[in-house]
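Chain residues, written in single-letter form:
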Amino acid sequence: MSHLPPTHFLSLPPPSPSSSPISSTSTTTGTGTVIPDTTTLAAHDFDVDSRTAFMPPSPPLARLPVEWEAWEEVLDGAVRGRLMLGSKVEEKGPGMGIGKDEEREREREKSEVWRESVRALPILPIHNLKKSPEPVLRRAHHVLAWIMHFYIHTLPPSSAIVIPRPLTIPLLRLSAYLKLPPMLTYSDDVLYNWRYENPAGEGEGEEDVHMPGDRESLMHPHALRALTTFTSTSDEEQFYMSSARLELAGCTTLELMRSIMDELFVGDDIAVRRITEYLGGLKDSIGELKERLMSVKEGVRPEVFYHDIRPWFSGQDSNAGREWVFEGIEELKDDGVDVPKELSGASAGQSSLIQALDVFLGVDSYADLEADGVVRGDEEKEAVKEKEMEKKENRRIERSTFMKRMRVYMPRHHRNFIEHLSNNPRPLREFVKRVVRESLSTSTTTTYSSSTTTSSSFSITTTTSSSLSLSSPSSSSDTTTTSTSTSSSATTTPALALMQAYNASLMALKAFRDAHMIIVALYIIGPARRKAAGASSSAGAGAGANGANGANGLSGGGGGERVSEYVSSPVSGTKEGGGEGGNRPLKGTGGTDLVRFLKGVRDHTKDAVMVVPGMEASLGSK
């Protein structure tokens, strides 16, 4: 892969730290509404770096200017005090919460003293903050959102959730300005929550503030450190930093997407061959993202994550009906600030990188029966069961709605990038379909033989391009394990090679989602089931993720449901046991029915694979 030209948008610097948060490529209407420049991929508004993708190329600001030091001091107090989850303080039973009443009372008192310090804060103005560079704005949102989550989740489960005015007013004003929800987001946890490990050793000198010479040096498990954590555990730090390393690996993915888009602009026979080559690279880069995703097992223990870390991320829609009341919000009506409607917790669905892949490959816009243009033949349409199609359509709508909601939680520059990809006038999926249609319509009969166990041959007869039908495999046909080759009387055509390469990228993305489901099984479903079964919440906490709680089963050493069976099974729900939530489906921090949603997303990705009817086995993954 050649180096990016210096004028390409991925090579351009992000918005200057010394400039206004509105870049020079934005325009302002007469009403003051900012319209980002998305007419060209060279727009600065995307804030994407060729070395670090959606991660900033320099460490995020570690502390706010002195004008807002009071916020930093309150956050420091929460981190230093190692405040406990309110639910954990009140939890009783063998191996749960705190064993002694006096210890429980001490924790209650410590948390209340800290919450009182939040209520005693002055209401700091943000007028000057709005004039600050982007890194300062990001740090302010980070600090205020972390304080809010500390405040809410240290409350006893029976307490009303009332966020005090000194926190409500600056957080809502700032979030409205940044066009972000007043919540802890993926970008607060991952993108803007890191620093370099001090090369001089702990406590010696200043941390290194320069980008290392090569990206691989950042991939070392201890090259990056988290700025803020709830639990001060290495598990929590590695949870964030494993996601950060995945984001850094995305620069290769974005470079390949750029190369493909350049060739789509040309669209000739040479471009077809180049796009096929780049798609091969894209498949490999998605495979690397999968490996980075699975690396979380190396430093994060499942029980620690589920019981001690994950609850801090929860939003209002994960809190069993407890409403979040923002004290003093009525004072902000004149500022145009309304009651927040988006109060979901931080979620992997807020990653701009993964959504960019969905949009680029056309998964986000793909509908069953190819409603976007090329459709299945009438006979096949009639054979599809109406009920199954209704389920698929509902799944597609649910997925699309959730993904669009999650874009609200992305930094606005990255949201612009996703929107720009969505509005690309030359989408990759449409290009692949057009090339294959045109290729197959140029001859009357083409005969292919498949190297499957039945050495059969079959024909595709076309008289006009309109008689050709492309389709997607049925939901029961999983091409992940397909390993067949196609041969014809001549060499496979460039068009069919293009389709194979496109499908291979889709299946790599499907494999990535399988890996995500494995992580969910190990870190959420397994611990939830053990808790529901009355197992000790600390059981297996000392074991590595590849031990009793690893890939062999969802139950700690008990021979429970195997992860592979969970991943390959049809869409279904899983109940969250224990306490009041015993009959609730297990929810993600983004508020979805976790198991059903993830399987639906995985299946939707698989369904987007394109085949020529009769060639399903030969046009799957290579």
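Residues numbered from 1 in each chain as written. Predicted model: local features only at pLDDT ≥ 70, side-chain atom pairs only at ≥ 80, totals over all residues. Heavy atoms only, no water.

Going by the annotation in an unreviewed UniProt entry, the name recorded for the chain is Indoleamine 2,3-dioxygenase, with Panaeolus cyanescens given as the source organism. Listed under Sequence similarities (unreviewed entry) in UniProt, the entry text for the chain is "Belongs to the indoleamine 2,3-dioxygenase family." (UniProt positions renumbered as here; feature names shortened; annotations may be inferred.)

A. Structural context of the overall build of the chain. A count of helical and extended segments in the chain gives 18 helices and eleven strands. Sorting the 622 residues of the chain into buried and exposed places 53% on the buried side. Long-range pairs, those at least 24 residues apart, make up 79% of the contacts in the chain between residues at least 6 apart in sequence. Summed over all atoms, the accessible surface of the chain reaches about 26,500 Å², with 52% contributed by carbon and sulfur. (Helix = DSSP H or I, 4+ residues; strand = E, 2+ residues; numbered from the N terminus. Buried < 20%, exposed > 50% of the residue type's maximum accessible area, 1.4 Å probe, protein only. Contact = heavy atoms within 4.5 Å. Areas by Shrake-Rupley, 256 points an atom, 1.4 Å probe, with all protein chains shown as cover.)

B. Up close: the UniProt feature "binding site: heme b" (unreviewed entry) in the chain. The positions that UniProt labels "binding site: heme b" (unreviewed entry) are, in the present scheme, His 516. Mapped onto the elements, His 516 comes out in helix H16 (residues 494-532).

C. Looking closely at helix H14 (residues 412-422). Burial of H14 is extensive: nine of the eleven residues sit out of reach of the surface. Considered for burial, the residues of H14 that qualify are Arg 412, His 413, His 414, Arg 415, Asn 416, Phe 417, Ile 418, His 420 and Leu 421.

D. Highlighting the packing of aromatic side chains. For the coordinates displayed, the defined rule picks out 15 aromatic pairs. Between Trp 146 and Tyr 240, the ring centres sit 6.2 Å apart and the planes meet at 85°, which makes this aromatic pair edge-to-face. With a gap of 94 residues between them, Trp 146 in helix H5 (residues 134-153) and Tyr 240 in helix H8 (residues 234-266) connect regions that are remote in the sequence. Like Tyr 240, Trp 146 is buried. Considering the side-chain rings of Phe 305 and Tyr 523, the 5.9 Å spacing of their centres and the 85° angle between planes classify their relative orientation as edge-to-face. Placement of Phe 305 in helix H10 (residues 302-309) and of Tyr 523 in helix H16 is noted, with a sequence separation of 218 residues between them. According to the relative accessible area criterion, Tyr 523 is buried, its value standing at 4%. (Phe/Tyr/Trp six-rings, centres within 6.5 Å; stacked < 30°, edge-to-face > 60°.)

E. Representation of the nonpolar core. Counting residues in each nonpolar core, the largest one holds 143 residues, and the members touching the most others are Trp 71, Leu 361 and Leu 428. Composition of this core by domain shows at least three residues from each of domain 1 (53-91 + 104-185) and domain 2 (241-321 + 347-370 + 389-443 + 493-532 + 589-611). With residues near it in sequence (within four places) discarded, Leu 428 still touches Ile 260, Leu 264, Ile 275, Leu 279, Phe 360, Leu 361 and Tyr 502. (Core = buried A, V, L, I, M, F, W, Y, C linked by side-chain atoms within 4.5 Å. Domains from an automatic or database assignment.)

F. Spatial organisation of the environment of Leu 64. On the secondary structure map, Leu 64 appears in the loop between strand S2 (34-35) and helix H1 (69-81). The spatial distance from the C-alpha of Leu 64 to the C-alpha of Arg 138 is 9.8 Å, given a sequence separation of 74 residues.

G. Looking closely at empty space enclosed by the protein. For the structure on display, the rule yields six cavities of 30 Å³ or more. The volume enclosed by the largest cavity comes to roughly 920 Å³. Mapped onto the lining of the largest cavity, the elements with two or more residues apiece are helix H7 (186-191), H8, helix H9 (269-294), helix H11 (352-361), helix H13 (386-407), H16 and helix H18 (594-607). The element contributing the most residues to the lining of the largest cavity is H16, with eight residues. Considering only residue class, the lining of the largest cavity consists of 24 nonpolar, eleven polar and five charged. Here the second largest cavity is characterised by a volume of approximately 110 Å³. In terms of lining, the second largest cavity is formed by Glu 134, Arg 138, His 141, Leu 178, Leu 180, Ser 187, Asp 188, Tyr 192, Pro 411, Arg 412 and His 413. Elements with a minimum of two residues in the lining of the second largest cavity: H5, H7 and H14. (1 Å grid on protein atoms, 1.4 Å probe; cavity = no way out; pocket = protein on both sides within 12 Å on 5 of 7 lines; lining within 4 Å. Points joined across faces, edges and corners; volume = space filled by probe spheres on them. Nonpolar A, V, L, I, M, F, W, Y, C, P; charged D, E, K, R; others polar.)

H. Quick peek at the environment of Ser 242. Structurally, the position occupied by Ser 242 is in helix H8. Overall, the relative accessible area of 4% leaves Ser 242 in the buried class. The sequence separation of Ser 242 and Leu 293 amounts to 51 residues, and the corresponding C-alpha distance is 7.0 Å. In this structure Ser 242 touches Arg 292, Ser 295 and Val 296, once residues within four positions along its chain are discounted. Within polar-contact distance, the side chain of Ser 242 engages the backbone oxygen of Phe 239 at 3.0 Å. (Polar contact = N/O pair within 3.5 Å; in protein donor to acceptor, adjacent residues only side chain to side chain.)

I. Focus on the environment of Thr 276. Summarising the element assignment, Thr 276 is placed in helix H9. Here the alpha-carbon distance between Thr 276 and Leu 498, two residues 222 residues apart in the chain, equals 4.9 Å. Among residues more than four places away in sequence, those in contact with Thr 276 are Pro 494, Ala 497, Leu 498 and Ala 501.

J. Structural context of the pattern of salt bridges. Counted according to the given criterion, the structure contains 33 salt bridges. Of the charged contacts in the structure, one is a salt bridge between Arg 274 and Glu 263, with a shortest N-O distance of 3.4 Å. Here the residue Arg 274 occupies a position in helix H9, and Glu 263 occupies one in helix H8, the gap between them amounting to eleven residues. Judged by its relative accessible area of 42%, Arg 274 falls in the partly exposed class. Between Lys 433 and Glu 430 there is a salt bridge whose closest N-O contact spans 3.0 Å. Note that Lys 433 and Glu 430 are positioned in helix H15 (residues 428-440) at a spacing of three residues, about one turn of the helix. If you follow the salt bridges from partner to partner, you end up with Arg 63, Glu 69, Glu 72, Asp 76 and Arg 139 in one network. (Salt bridge = Lys/Arg side-chain N within 4 Å of Asp/Glu carboxyl O.)

K. Highlighting the packing of H16 against H18. Here H16 crosses H18 at 165°, and the two axes come no closer than 8 Å. By the angle class used here, H16 and H18 are roughly antiparallel. As H16 packs across H18, the resulting crossing turns out to be left-handed. For the pair H16 and H18, contact is made by Leu 506, Leu 509, Lys 510, Arg 513, Asp 514, His 516, Met 517, Val 520, Ile 524 and Ile 525 and by Leu 594, Val 595, Leu 598, Lys 599, Val 601, Arg 602, Thr 605 and Lys 606, respectively. (Axes fitted to C-alpha atoms, helices over the stretch in contact; angles between N-to-C directions. Parallel < 35°, antiparallel > 145°, perpendicular 65-115°, else oblique. Left-handed = near helix turned anticlockwise from the far one by under 90°.)

L. Expanded view of the packing of H5 against helix H6 (residues 165-178). At their nearest, the axes of H5 and H6 sit 10 Å apart, and the two run at 135° to each other. Taken together, H5 and H6 sit at an angle that is classed as oblique. The chirality of how H5 crosses H6 is left-handed. Taken together, the residues of H6 that come into contact with H5 (itself represented by Glu 134, Leu 137, Ala 140, His 141, Leu 144, Ala 145, Ile 147 and Met 148) are Leu 167, Pro 170, Leu 171, Leu 174, Ser 175, Tyr 177 and Leu 178. Class assignment for the residues of the contact of H5 with H6 results in twelve nonpolar, two polar and one charged.

M. Representation of the confidence of the model for the chain in the model. With 63% of its residues at a pLDDT of 70 or more, the chain has an overall mean of 76. Confidence, expressed as mean pLDDT per element, reaches its minimum in the chain at strand S8 (residues 457-461) with 31 and its maximum at H1 with 98. Below a pLDDT of 50 lies the segment residues 576-582, which in the model reaches twelve contacts outside its immediate sequence neighbourhood of four places, other chains included. (pLDDT = per-residue confidence, 0-100.)

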